[in-house]
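Read off the chains here:
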Amino acid sequence: MKKGVSFLVTVALMALHLPLIQAHSRTLVLPLLNPKMLVFVNGKFCKNPNLTKAEDFFYSGLDKPGNTSNPVGSAVTPVNVAQIAGLNTLGISAVRIDYEPYGQNPPHTHPRATEILTVLEGTLLVGFVTSNPENRLFTKVLNKGDVFVFPIGLIHFQFNIGHTNAVAIAGLSSQNPGVITIANAVFGSDPAIDPDFLARAFQLEKNVVEYLQSRFWWDNN
């Protein structure tokens with residue numbers, strides 16, 4: 001009986017300490033700058049924890065607006081594991097998004113993250129579309145201080161419907177959320193997707209597809 005109680009106490013103590021051990025180990029799994037190293041974790045090479053420093057957990061510059069002088073009228077400034085090494089394996093990142101008047105963040109998805117967006121300045125029309133077969137559109141007009149969530153993997157967008165510049169900041173539930181801009185992927189792939197296939201898939205004339213494929217698809221990230 002005593003042995004059984006001792007065993008349960010030991011397991012309980014280990015369970016209490018496990019989150020602390022995990023948290024400590026995760027914060028120190030930093031990517032190496034040299035990709036030729038052999039250690040590979042979660043898409044990034046790891047750095048010796050004894051060599052970590054405060055700069056591995058720091059980024060400066062999110063106060064600076066992005067250049068919105070482009071075809072879509074927006075600019076995304078990412079702060080993910082590529083900018084802050086200390087985010088490696090922590091499952092979180094952020095972006096700043098700047099929009100000129102009537103600028104947009106075109107329909108896109110994040111294959112590895114849910115996004116929570118907060119408007120800092122301006123007025124945005126935002127929305128996302130659910131998966132097949134419903135393809136239901138959820139949309140909302142956001143003003144300064146409003147928050148909206150885009151679930152992982154779903155196509156979503158933002159559109160500045162105001163007469164002035166708009167700014168938003170968003171958190172994403174991955175250190176490397178990825179982004180797939182729908183138009184860029186479908187009509188701007190390299191090499192190009194067979195236009196006959198796309199014409200049937202989108203129920204368009206082939207010449208319309210070829211025109212879309214000839215366009216320069218801007219990446220605002």
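Look above for the structure.
Residues numbered from 1 in each chain as written. Predicted model: local features only at pLDDT ≥ 70, side-chain atom pairs only at ≥ 80, totals over all residues. Heavy atoms only, no water.

**Remarks on the overall build of the protein chain**
Stage number 1. What the protein chain contains, in helices and strands, is 4 helices and 12 strands.
Stage number 2. For the protein chain, buried positions account for 33% of its 221 residues.
Stage number 3. Contacts spanning at least 24 positions in sequence make up 69% of the contacts within the protein chain whose residues lie at least 6 apart.
Stage number 4. By element, 63% of the accessible surface of the protein chain is carried by carbon and sulfur atoms, the whole surface being about 13700 Å². (Helix = DSSP H or I, 4+ residues; strand = E, 2+ residues; numbered from the N terminus. Buried < 20%, exposed > 50% of the residue type's maximum accessible area, 1.4 Å probe, protein only. Contact = heavy atoms within 4.5 Å. Areas by Shrake-Rupley, 256 points an atom, 1.4 Å probe, with all protein chains shown as cover.)

**So, the pattern of salt bridges**
Stage number 1. In total, this model carries 6 salt bridges according to the counting rule given.
Stage number 2. Taking the shortest distance from any N to any O, the salt bridge between K64 and D63 comes out at 3.8 Å.
Stage number 3. Classification of K64 by relative accessible area gives exposed; the value is 52%.
Stage number 4. By sharing partners, the salt bridges in this structure join K47, K53 and D56 into a single network. (Salt bridge = Lys/Arg side-chain N within 4 Å of Asp/Glu carboxyl O.)

**Things to note about the sheet that holds strand β5 (residues 104-109)**
Stage number 1. Here 5 strands make up an open sheet; going across it, the order is β8-β7-β10-β5-β12 and the pairing antiparallel. Edge positions in the sheet fall to β8 (137-142) and β12 (180-181), since each of these pairs with one other strand and no more.
Stage number 2. Taken together, the 6 bridges between strand β7 (residues 124-129) and β8 define a ladder with antiparallel strand orientation. Residue pairing for β8: V129 is matched across the bridge by L137. (Pairing = 2+ DSSP bridges.)

**Notes on the environment of R96**
Stage number 1. Looking at the secondary structure, you find R96 in strand β4 (residues 93-99).
Stage number 2. Distance in space between the C-alpha atoms of R96 and A168 is 5.9 Å, their sequence separation being 72 residues.
Stage number 3. Apart from residues lying up to four places away in sequence, R96 is in contact with L62, D63, K64, P65, A75, V76, T77, V167, A168 and I169.

**As for the side chain of T109**
Stage number 1. Mapping T109 onto the fold places it in strand β5.
Stage number 2. Beyond its immediate chain neighbours, meaning those up to four positions away, T109 contacts G153, L154, I155, H156, G178, V179, I180 and I182.

**Let's talk about the environment of D194**
Stage number 1. Tracing the sequence through the fold places D194 in the loop between α2 (182-187) and α3 (195-201).
Stage number 2. You can call D194 partly exposed: its relative accessible area is 43%.
Stage number 3. Put simply, D194 and V209 are 15 residues apart on the chain and 9.5 Å apart in space, counted from C-alpha to C-alpha.

**Focus on the sheet that holds strand β3 (residues 74-79)**
The strands that make up a sheet are held in pairs by hydrogen bonds between backbone atoms, and each pair lies either parallel or antiparallel.
Stage number 1. Strands sit in the order β3-β4-β11-β6-β9 across an open sheet of 5 strands; the sheet is antiparallel. Of all the strands in the sheet, the pair left with one neighbour each is β3 and β9 (147-150). The mean angle between the axes of side-by-side strands here comes to 20 degrees, regardless of whether they run parallel or antiparallel.
Stage number 2. As paired elements, strand β6 (residues 115-121) and β9 share 4 bridges and run antiparallel to each other. Each residue of the ladder has a partner; that of I116, found in β9, is V149. (Axes fitted to C-alpha atoms, helices over the stretch in contact; angles between N-to-C directions.)

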